[in-house]
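A structural walkthrough
Listed below, chain by chain, are the residues.
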Amino acid sequence: TDMQKFSLEMKNGWEVFAKTYINTMEKQTFSFYVMLTNMMKIDQAKNIIEVAGGSGFALQYAKMIIQPECKYTMCDFSENMMKMAFHRLCQLGKIEKQLPDSFNSLIEFPELNMSIMEADNMDLSYFPNESFDRYISVLSIMLVEDPQKQIKEAFRVTQKGGLVAFTVAGRKENATLLSTYPRI
């Protein structure tokens, strides 16, 4: 289908872009992450999912802010991004761990209470309903083929009373999906 073709083209393009992401976008994206997570009060969260987490640059910041018992899961649909995030978590926890063959299942870092997984924002079927109390999406919703599908998945995996937040790049008049949801 056209949707599958678009998703495959986007994924392939992102795999190539991942190699230059650290030098071109990482620090700019991080400023959006800090603003968003402060508004979401992640320091009070119990179980967080971050989608399109990229290279895992924000994981060190998150670890400083969240409570020690808070579980933090980061996903990205790029295997190259997951490899970078894997290495960052190993450095963060001073852990020696062999790079997995695949990121298609949850790779856990119990020492950090963090995990990573290759997953598409529009399909988080690995996670049961209401798994998280915070859902973070920084600068990704405007890149997916079906933003409504990502929004649906966000609300499906977030507990009632949890917080779902997106940042969007672009002009306000072009951000037709930009809305505020005070409660789930």
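Preceding this section is the structure that the text describes.
In this report, the structure presented in the accompanying data block is examined. (Residues numbered from 1 in each chain as written. Predicted model: local features only at pLDDT ≥ 70, side-chain atom pairs only at ≥ 80, totals over all residues. Heavy atoms only, no water.)

1. Looking at helix α5 (residues 147-157)
Where we set the bar: Classification of residues uses two cut-offs on accessible area relative to the type maximum, computed with a 1.4 Å probe and protein chains only: under 20% is buried, over 50% is exposed, and between them is partly exposed. The secondary structure listing takes helices from DSSP runs of H or I that are at least 4 residues long and strands from runs of E that are at least 2 residues long, numbered from the N terminus. Of all possible arcs, the one meant is that of the directions from the helix axis to the C-beta atoms.
All of the buried residues in α5 are Pro147, Gln150, Ile151, Glu153, Ala154 and Val157. End-on view of α5: buried residues confined to an arc of 160 degrees, all on one side of the axis.

2. Digging into unusual backbone geometry
Unusually for a residue other than glycine, Ala52 sits at a positive phi of about 55 degrees. Its place among the elements puts Ala52 in the loop between β1 (47-51) and α3 (59-65).

3. As for the packing of aromatic side chains
The condition that has to hold: Pairing of aromatic rings covers Phe, Tyr and Trp, the last through its six-membered ring, and needs centres within 6.5 Å; plane angles under 30 degrees mean stacked, over 60 mean edge-to-face, and all others mean tilted. Throughout this description, the term charge over a ring refers to an Arg CZ or Lys NZ atom that lies within 6 Å of the ring centre and within 35 degrees of the ring normal.
A full pass over the atoms with the stated rule returns nine aromatic pairs. Judged by centre distance (6.4 Å) and plane angle (15 degrees), the ring pair of Phe30 and Tyr33 falls under stacked. A residue pair is termed a helical-turn pair when its members lie 3 or 4 positions apart in one helix, as Phe30 and Tyr33 do in helix α2 (residues 26-39) at three residues. Since its relative accessible area comes to 2%, Tyr33 is described here as buried. Between Tyr126 and Phe127 the ring centres are 5.2 Å apart and the planes differ by 80 degrees, which places this aromatic pair in the edge-to-face class. Judged by its relative accessible area of 44%, Tyr126 is partly exposed. For Phe127, a relative accessible area of 6% gives the class buried. Among the aromatic residues, those joined into a cluster by ring pairs are Phe30, Tyr33, Phe57 and Tyr61. Its end group placed over the ring of Phe109, Lys97 keeps NZ or CZ at 4.2 Å from the ring centre.

4. Looking at the side chain of Asp133
The criterion, for reference: Pairs of N or O atoms are called polar contacts if they sit within 3.5 Å, as long as, within protein, a hydrogen donor faces a hydrogen acceptor (for residues adjacent in sequence, only side-chain-to-side-chain pairs). Contact definition: two residues touch when any of their heavy atoms are within 4.5 Å.
As for its placement among the helices and strands, Asp133 is situated in strand β5 (residues 132-138). For Asp133, the side chain forms a polar contact with the main-chain nitrogen of Lys46, separated by 2.8 Å. With residues up to four places along the chain from it excluded, the contact list for Asp133 reads Ala45, Lys46, Asn47, Ile48, Thr158, Gln159, Gly162 and Leu163.

5. Observations regarding the nonpolar core
This is how it is decided: In this description, a nonpolar core means a group of buried Ala, Val, Leu, Ile, Met, Phe, Trp, Tyr and Cys residues linked to one another through side-chain atoms lying within 4.5 Å.
By size, the foremost hydrophobic cluster in this structure holds 30 residues, and its most contacted members are Tyr33, Ile48, Tyr72, Phe109, Met114, Ile116 and Ile136. Mapped onto this core, the elements with two or more residues apiece are α2, α3, β2 (71-76), α4 (79-93), β3 (107-109), β4 (114-118) and β5. No other element matches α4, which puts five residues into this core.

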